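Residues per chain, in single letters:
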Amino acid sequence: MNPTQYYFSCYRSFDMALAGILTEAEIAAGLQSCQDADSFDYKTFFVKVGLNSKSKDQLAQVFGILDQDRSGFIEENELKLFLQNFSASARALTDAETKAFLAAGDSDGDGKIGVDGKTACMKP
């Protein structure tokens, strides 16, 4: 089985809430770009999955999916499992990746990302 077939086979558990926003091929490309520990780069991932070209409403929908506890913010523990929102079999982010990702979206230094910070870091 080649890498693309492997990633497509993992998408049977792909979050159907993302189905109207991202394609399985986009998600596969994003996950392939960061399968090794410490290889996650949020800018590269967002380009690979096509989030950088989505509308503000679509980005708000993605934010709602990532905000697992529905607090209105994405906290560090939710970011650690970020990739698993795209595939249940995806790896967790390392502590270094999580902290870098949080720093990129945390515009006010409160240790969490609001919808405006998240959608801003999804754009190029």
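Report follows, based on the coordinates. Keep in mind that what you see is a predicted model, and the values were worked out from it rather than measured.

### Quick word on the overall build of the chain
Reasoning step 1: Along the chain, the regular secondary structure elements total seven helices and two strands.
Reasoning step 2: Listed by position from the N terminus, the elements making up the chain come as α-α-α-α-β-α-α-β-α.
Reasoning step 3: Within the span of the chain, comprising 124 residues, buried residues form 42% of the whole.
Reasoning step 4: Residue pairs in contact within the chain that sit at least 24 positions apart in sequence constitute 55% of those at least 6 positions apart.
Reasoning step 5: Summed over its atoms, the accessible surface of the chain is roughly 6200 Å², and 52% of this surface lies on carbon and sulfur atoms.

### Considerations on helix H2 (residues 24-32)
Reasoning step 1: Burial in H2 covers these residues: Ile27, Ala28, Gly30 and Leu31. Buried residues of H2, seen end-on, are gathered within an arc of 165 degrees and therefore sit on one face of the element.

### What about the pattern of salt bridges?
Reasoning step 1: Counting across every chain of the model gives three salt bridges.
Reasoning step 2: Here aspartate 95 and lysine 80 are joined by a salt bridge, their closest N and O atoms 2.8 Å apart. Highlighted residues: aspartate 95 in helix H6 (residues 95-105) and lysine 80 in helix H5 (residues 76-80), separated in sequence by 15 residues.

### Points about the nonpolar core
Reasoning step 1: Leu22, Phe40, Phe45, Phe82, Leu83, Phe86 and Phe101 are the most contacted members of the largest nonpolar core, which totals 27 residues.
Reasoning step 2: Breaking this core down by element, the ones donating at least two residues are H2, helix H3 (42-49), helix H4 (56-66) and H6.
Reasoning step 3: In terms of residue count, the dominant contributor to this core is H4 (five residues).

### Quick look at the packing of H2 against H3
Reasoning step 1: Put simply, H2 and H3 touch, their axes get as near as 7 Å, and they point 155 degrees apart. Relative to H3, H2 is oriented roughly antiparallel. Note on packing geometry: the crossing formed by H2 with H3 is right-handed. Across the interface between the two elements, Glu26, Ile27, Ala29, Gly30 and Leu31 of H2 pack against Phe45, Lys48 and Val49 of H3.
Reasoning step 2: Broken down by class, the residue content of the contact of H2 with H3 amounts to five nonpolar, one polar and two charged.

What counts, and at which threshold
Residues numbered from 1 in each chain as written. Predicted model: local features only at pLDDT ≥ 70, side-chain atom pairs only at ≥ 80, totals over all residues. Heavy atoms only, no water. Helix = DSSP H or I, 4+ residues; strand = E, 2+ residues; numbered from the N terminus. Buried < 20%, exposed > 50% of the residue type's maximum accessible area, 1.4 Å probe, protein only. Contact = heavy atoms within 4.5 Å. Areas by Shrake-Rupley, 256 points an atom, 1.4 Å probe, with all protein chains shown as cover. Arc of directions from axis to C-beta. Salt bridge = Lys/Arg side-chain N within 4 Å of Asp/Glu carboxyl O. Core = buried A, V, L, I, M, F, W, Y, C linked by side-chain atoms within 4.5 Å. Axes fitted to C-alpha atoms, helices over the stretch in contact; angles between N-to-C directions. Parallel < 35°, antiparallel > 145°, perpendicular 65-115°, else oblique. Left-handed = near helix turned anticlockwise from the far one by under 90°. Nonpolar A, V, L, I, M, F, W, Y, C, P; charged D, E, K, R; others polar.

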